[in-house]
Amino acid sequence: AIVEQTLRSTPPDDPSFADLAHEQQMIYRTLGRNPEWLPLALDAVPAALAPVVTDHVAARVAIGEIGHGDPPVNVPAWEIVPPLPVDELRAIYESAGAATGIHWSYLAAVNQIETGFGRIVGLSTAGAQGPMQFLPTTWEEVGEGSIDDPADAIHAAARYLVRRGGPDDMDAALWGYNNSDAYVEAVSTYAGLFRDDPTVLGQTHAWEIHYGAALADLWLPVGYRQDEPVPAIEYVAEAPWSLPPDG
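The rules behind the values
- Residues numbered from 1 in each chain as written.
- Predicted model: local features only at pLDDT ≥ 70, side-chain atom pairs only at ≥ 80, totals over all residues.
- Heavy atoms only, no water.
- Helix = DSSP H or I, 4+ residues; strand = E, 2+ residues; numbered from the N terminus.
- Rg over C-alpha atoms; globule rule 2.2 N^0.38 Å.
- Buried < 20%, exposed > 50% of the residue type's maximum accessible area, 1.4 Å probe, protein only.
- Contact = heavy atoms within 4.5 Å.
- Areas by Shrake-Rupley, 256 points an atom, 1.4 Å probe, with all protein chains shown as cover.
- Lys, Arg positive; Asp, Glu negative; His and termini not counted.
- Charge placed at Lys NZ, Arg CZ, Asp CG, Glu CD.
- Patch = residues over 30% accessible without salt bridge, like charges linked within 9 Å, V, L, I, M, F, W, Y side chains within 5 Å.
- Salt bridge = Lys/Arg side-chain N within 4 Å of Asp/Glu carboxyl O.
- Expected span 1.5 Å × (residues − 1).
- Polar contact = N/O pair within 3.5 Å; in protein donor to acceptor, adjacent residues only side chain to side chain.
- Core = buried A, V, L, I, M, F, W, Y, C linked by side-chain atoms within 4.5 Å.
- Axes fitted to C-alpha atoms, helices over the stretch in contact; angles between N-to-C directions.
- Parallel < 35°, antiparallel > 145°, perpendicular 65-115°, else oblique.
- Left-handed = near helix turned anticlockwise from the far one by under 90°.

Asks: Explain the overall build of the protein here, please?
Replies: Check the secondary structure of the protein and you find 12 helices and six strands. Taking 2.2 N^0.38 as the reference for a compact globule, 247 residues should give roughly 18 Å; the C-alpha atoms of the protein span a radius of gyration of 18 Å, in line with that estimate. With the principal axes as the frame, the protein shows a C-alpha extent of 45 × 45 × 35 Å. Burial statistics for the protein: of 247 residues in total, 48% are counted as buried. Sequence separation of 24 or more characterises 60% of the internal contacts of the protein that already satisfy a separation of 6 or more. Surface accessibility of the protein: about 11900 Å² in total, with carbon and sulfur atoms responsible for 55%. Within the protein, the 35 negative side-chain charges are centred at a point lying 4 Å from the centre of the 11 positive side-chain charges.

Structure, rendered in structure tokens:
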């Protein structure tokens, strides 16, 4: 309750904002893995914040249901870079939305879930690329410009969502983007949060990249780079601070 309320009263340019947002993120990740704790969390927050907390936890639960198989034993071959400023991204989402009819909030939610607003640079397990994670074959259908350019990729994502049924049937469109009901729920929930309270976009934009390895929920900060997958235990030996506080 203290973190959520303090973050809401802290300007994004305040030096403490990023740390508060990261703490908020870790709370929601923990609640997402332990949704049975949600009633206790709701007892601790003002009633006005209960829907926000509930939706955040629901989104995290859904994200946890997207993956298949056992948690990875390696950390990935990624580079973590700073994202574009949130105002620049919001302008791109709105521009793509104006061109296609796809509400900006869906594009923001896809961008967040796929790559942490562009922080993750690397190949996904399915071979997807860029901040909106396009397969090269799909990019050939809807892409213009560079698959790695945020503006080009976000506009292409909007066009692809139209091809798959949006904006009239966003559930179908999102399922076309990632064939997972859990993915549809996660994107839709975050999109709703962004629409209902645009300050949530700035909060989640400040979140860090955490990777759910079998060893622990590991923090991969800006500056992280691995050219090949590396055993998580080796990464932790060199970066023990990447472990959660109780890790």
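Asks: Looking at this model, I keep getting lost on a negative patch on the surface. Mind explaining?
Replies: A cluster of acidic side chains, namely Glu65, Asp168, Asp169, Asp171, Asp181 and Glu185, defines a negative patch on the protein surface. Counting through the fold element by element, Asp168 comes out in the loop between helix H8 (150-163) and helix H9 (170-177). For Asp168, a relative accessible area of 79% corresponds to the exposed category.

Asks: Explanation requested: H8 in the structure shown.
Replies: Residues spaced three or four apart along an α-helix face the same direction, because each turn holds 3.6 residues. The end-to-end C-alpha distance of H8, which contains 14 residues, comes to 20 Å, matching closely the 20 Å that a straight helix rising 1.5 Å per residue would cover. All buried positions along H8 are accounted for by Ala153, Ile154, Ala156, Ala157, Ala158, Tyr160 and Leu161. The backbone nitrogen of Ala151 has a side-chain oxygen 3.1 Å away, supplied by the residue at the start of H8, namely Asp149. Backbone geometry just downstream of H8 places Gly165 in the positive-phi region, at approximately 125°.

Asks: Would you mind showing me how to read the nonpolar core here?
Replies: Nonpolar side chains in soluble globular proteins tend to be buried together. Membership of the largest hydrophobic core comes to 55 residues, with the highest contact counts inside it found for Leu107, Phe134, Tyr177 and Phe194. Discounting chain neighbours no more than four positions away, the residues touching Leu107 are Tyr93, Ala96, Gly97, Ile102, Met132, Ile154, Ala157, Ala158 and Leu161. Counting residues in hydrophobic clusters, the runner-up holds 16 residues, among them Ile120, Ala216, Tyr224 and Val230.

Asks: Please explain the side chain of Arg29 as it appears in this structure.
Replies: Structurally, Arg29 can be placed in helix H2 (residues 17-33). Relative accessible area serves as the criterion here: at 10%, Arg29 is assigned to the buried category. Here Asp217 takes part through its side chain, which lies 2.6 Å from a polar atom of the side chain of Arg29. Apart from the residues within four sequence positions on either side, Arg29 is in contact with Arg60, His210, Tyr211, Gly212 and Asp217.

Asks: Whenever I open this one, helix H6 (residues 104-115) confuses me. Can you help?
Replies: Taking 1.5 Å per residue, 12 residues should reach 16 Å; H6 reaches 17 Å between its end C-alpha atoms and fits that length. Along H6, the residues that are buried comprise Trp104, Ser105, Tyr106, Leu107, Ala108, Ala109, Val110, Asn111, Gln112, Glu114 and Thr115.

Asks: Which parts of the structure should I look at to understand the packing of helix H4 (residues 50-64) against helix H10 (residues 181-196)?
Replies: The relative placement of two packed helices is expressed as an angle between their axes plus a distance between the axes. For the pair H4 and H10, the least separation of the axes is 8 Å and the interaxial angle reads 155°. In this view, H4 runs roughly antiparallel relative to H10, as classed from their interaxial angle. Relative to H10, H4 is oriented so that their crossing is left-handed. Residue-level inspection shows Val52, Asp55, His56, Ala58, Ala59, Arg60, Ala62 and Ile63 of H4 in contact with H10, the latter providing Ala182, Glu185, Ala186, Thr189, Tyr190 and Leu193.

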